[in-house]
2 protein chains.
Amino acid sequence: MAKKKIGVLLSGCGVFDGTEIHEAVLTLLYLDQQGAEAVCMAPDIDQAHVINHLTQAETDETRNVLVESARIARGEIRNLAEVTADQIDALILPGGFGAAKNLSEFAFKGPDGAVNNQVQQLLEAMITAGKPIGALCIAPATVGMALKEKKPLLTVGSEEGVIGAMAAIGVRHQLCTVDDIAVDETHKIVTTPAYMLGPGIKDVAAGIEKLVKKVIALA
Amino acid sequence: MAKKKIGVLLSGCGVFDGTEIHEAVLTLLYLDQQGAEAVCMAPDIDQAHVINHLTQAETDETRNVLVESARIARGEIRNLAEVTADQIDALILPGGFGAAKNLSEFAFKGPDGAVNNQVQQLLEAMITAGKPIGALCIAPATVGMALKEKKPLLTVGSEEGVIGAMAAIGVRHQLCTVDDIAVDETHKIVTTPAYMLGPGIKDVAAGIEKLVKKVIALA
């Protein structure tokens, strides 16, 4: 049987301005351990900004989301613009602020901000094709914004502000421990709080492994 | 019992000019799963260069090893200059070209190149204190250079050029599969080939988990 191809949509390289690195690597680990093929992708756009991860100060640098995401993917990455839903069996979005700064404007403008066009199109195409979507940490907020018409069920951790923002656009929220997943069986959307709850890498790993297995099972 | 504190010496963030991200994250995962505390550290120096990981071309950017390493450590990282051997129970060096470009000059000048002074001092202090050292992928080359007087036993994968370079400075080499470790019991040095062999993340994960367990057992 051919390996299932699971898209992994990255948003940079680093928790404060890009993809949360641990969440992305653990996603890749569990996909490989489950016999699936990861198809890494990212949009070819500038990051919203660059954060010095030592000081948390914004810098005056400009970095490209696709180029920085390639660090996590060891160079094996595709331009999101060239990926279509028929090429993959499922799509997973690791978290990190990049998922809410570069893939959408959630971190800056809340749930009424825009979703990146390419991200929006691919998420809609996956839903239309009945293919599963997984999202970790804050990434479910962007998924919720893109698919709000569907009133999806998802988890974004336990912060009242984030939960309220989802409720404001009709997204249904489910509280969930870090080692567990929320499953919207109707829309095949699987989410886990990851570092929205933490606290440590072994804790988020448990939920991510469960998410990867469920996404593959639904694919 | 207090958690064992295991130093994790990073060298940037990305396989071609810094730390190999998967190897670092898997090291952090297995340390946490084994109940050890990771103490991430990196030198506060400029990277030897910056590589665009999408094109593999060198760029004209300047990036700092400590600042970029902080991306992997989610900001929880110490300046190597301020870390002493009495503060940690063992030290692990993930691989990636950064370990042979930023921690030493191995990638540019071979085994006669210099080792970063702070790296040299900490490695010597660990050996003197009888505390274990773990090294992944190409990082054992830098460990071998720093400790060549000891004629350590280690693995650097299967590339003849790298093995020959180690032999030239008196380092003893042991071939080792990616899911296994080479152990120098005398000096408490544990090494695994990781992405020197690969091919995939689940393969390197097996060797890294074994390395982490052995390093903790020796600490």
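Data block above holds the structure.
So, here is what we can say about the structure in this document. Quantities reported herein were computed from a predicted structural model and do not represent experimental measurements.

## Some thoughts on the relation of the copies chain B and chain A
At step 1: Its rotation angle being 180°, the transformation that places chain B on chain A also includes 0.0 Å of axial translation and leaves an RMSD of 0.0 Å. Taken together, these values place the two copies in the relation of a two-fold axis. Among all residues of chain B, the one whose C-alpha sits closest to the rotation axis is Val-25 of chain B, at a distance of 3.5 Å.
At step 2: Residue by residue, 100% of the interface of chain B is reproduced at the interface of chain A, so both copies engage with the same surface.

## Describing the interface of chain B and chain A
At step 1: Counting residues at the interface gives 37 residues for chain B, matched by 37 residues for chain A.
At step 2: At the boundary of chain B with chain A, total buried surface from both sides reaches about 3,100 Å², with 60% on carbon and sulfur atoms.
At step 3: When the buried area of chain B at its contact with chain A is split by residue, Leu-54, Arg-71 and Arg-74 of chain B rank highest and sum to 25% of it.
At step 4: On inspection of chain B and its partner chain A, the count reaches eight salt bridges.
At step 5: Linking Arg-74 of chain A and Glu-20 of chain B is a salt bridge whose minimum nitrogen-to-oxygen distance equals 3.0 Å.
At step 6: Inspection of the region where chain B meets chain A yields 16 residue pairs in polar contact (both at pLDDT 80 or more).
At step 7: Looking at the side of chain B that touches chain A, the elements with two or more residues in it are α1 (21–33), α2 (65–72) and α8 (201–218) of chain B.
At step 8: A per-element tally of the side of chain B that touches chain A places α1 of chain B first, with nine residues.
At step 9: The residue inventory of the side of chain B that touches chain A, partitioned by class, reads 20 nonpolar, seven polar and ten charged.

## Section: the environment of Lys-101 of chain A
Residues and elements named next belong to chain A.
At step 1: Mapping Lys-101 onto the fold places it in helix α3 (residues 98–101).
At step 2: Assessed through its relative accessible area of 14%, Lys-101 is described here as buried.
At step 3: Sequence separation of Lys-101 and His-49 is 52 residues, and the distance between their C-alpha atoms is 8.5 Å.
At step 4: When near neighbours in sequence (up to four residues on either side) are disregarded, Lys-101 contacts Phe-16, Ala-48, His-49, Ile-51, Ala-107 and Phe-108.
At step 5: Polar side-chain contacts of Lys-101 include one of 2.8 Å to the backbone oxygen of Phe-16.

## Notes on the nonpolar core
The nonpolar side chains of soluble globular proteins are, as a tendency, buried together.
At step 1: With 154 residues, the main nonpolar core has Leu-93 of chain A together with Leu-93 of chain B as its most contacted residues.
At step 2: Those residues in contact with Leu-93 of chain B that lie beyond four places of it in its chain are Leu-9, Leu-103, Leu-123, Ile-133, Gly-134, Ala-135, Leu-136, Ala-139 and Val-143 of chain B.

## Examining the environment of Ala-42 of chain B
Residue and element names in this part refer to chain B.
At step 1: Relative to the elements of secondary structure, Ala-42 occurs in strand β2 (residues 37–42).
At step 2: Among the residues examined, Ala-42 registers a relative accessible area of 0% and is labelled buried.
At step 3: Each C-alpha atom of the pair Ala-42 and Ala-135 lies 15 Å from the other, and the pair is 93 residues apart in sequence.
At step 4: If we skip the residues at most four places from it in the chain, Ala-42 touches Leu-9, Leu-10, Val-65, Leu-66, Ser-69, Ile-77, Arg-78, Asn-79 and Leu-80.

About the criteria used
- Residues numbered from 1 in each chain as written.
- Chains lettered and ligands numbered in written order.
- Predicted model: local features only at pLDDT ≥ 70, side-chain atom pairs only at ≥ 80, totals over all residues.
- Heavy atoms only, no water.
- Least-squares fit on C-alpha atoms with pLDDT ≥ 70 in both.
- Contact = heavy atoms within 4.5 Å.
- Buried area = accessible area lost by both parts, 1.4 Å probe.
- Salt bridge = Lys/Arg side-chain N within 4 Å of Asp/Glu carboxyl O.
- Polar contact = N/O pair within 3.5 Å; in protein donor to acceptor, adjacent residues only side chain to side chain.
- Helix = DSSP H or I, 4+ residues; strand = E, 2+ residues; numbered from the N terminus.
- Nonpolar A, V, L, I, M, F, W, Y, C, P; charged D, E, K, R; others polar.
- Buried < 20%, exposed > 50% of the residue type's maximum accessible area, 1.4 Å probe, protein only.
- Core = buried A, V, L, I, M, F, W, Y, C linked by side-chain atoms within 4.5 Å.

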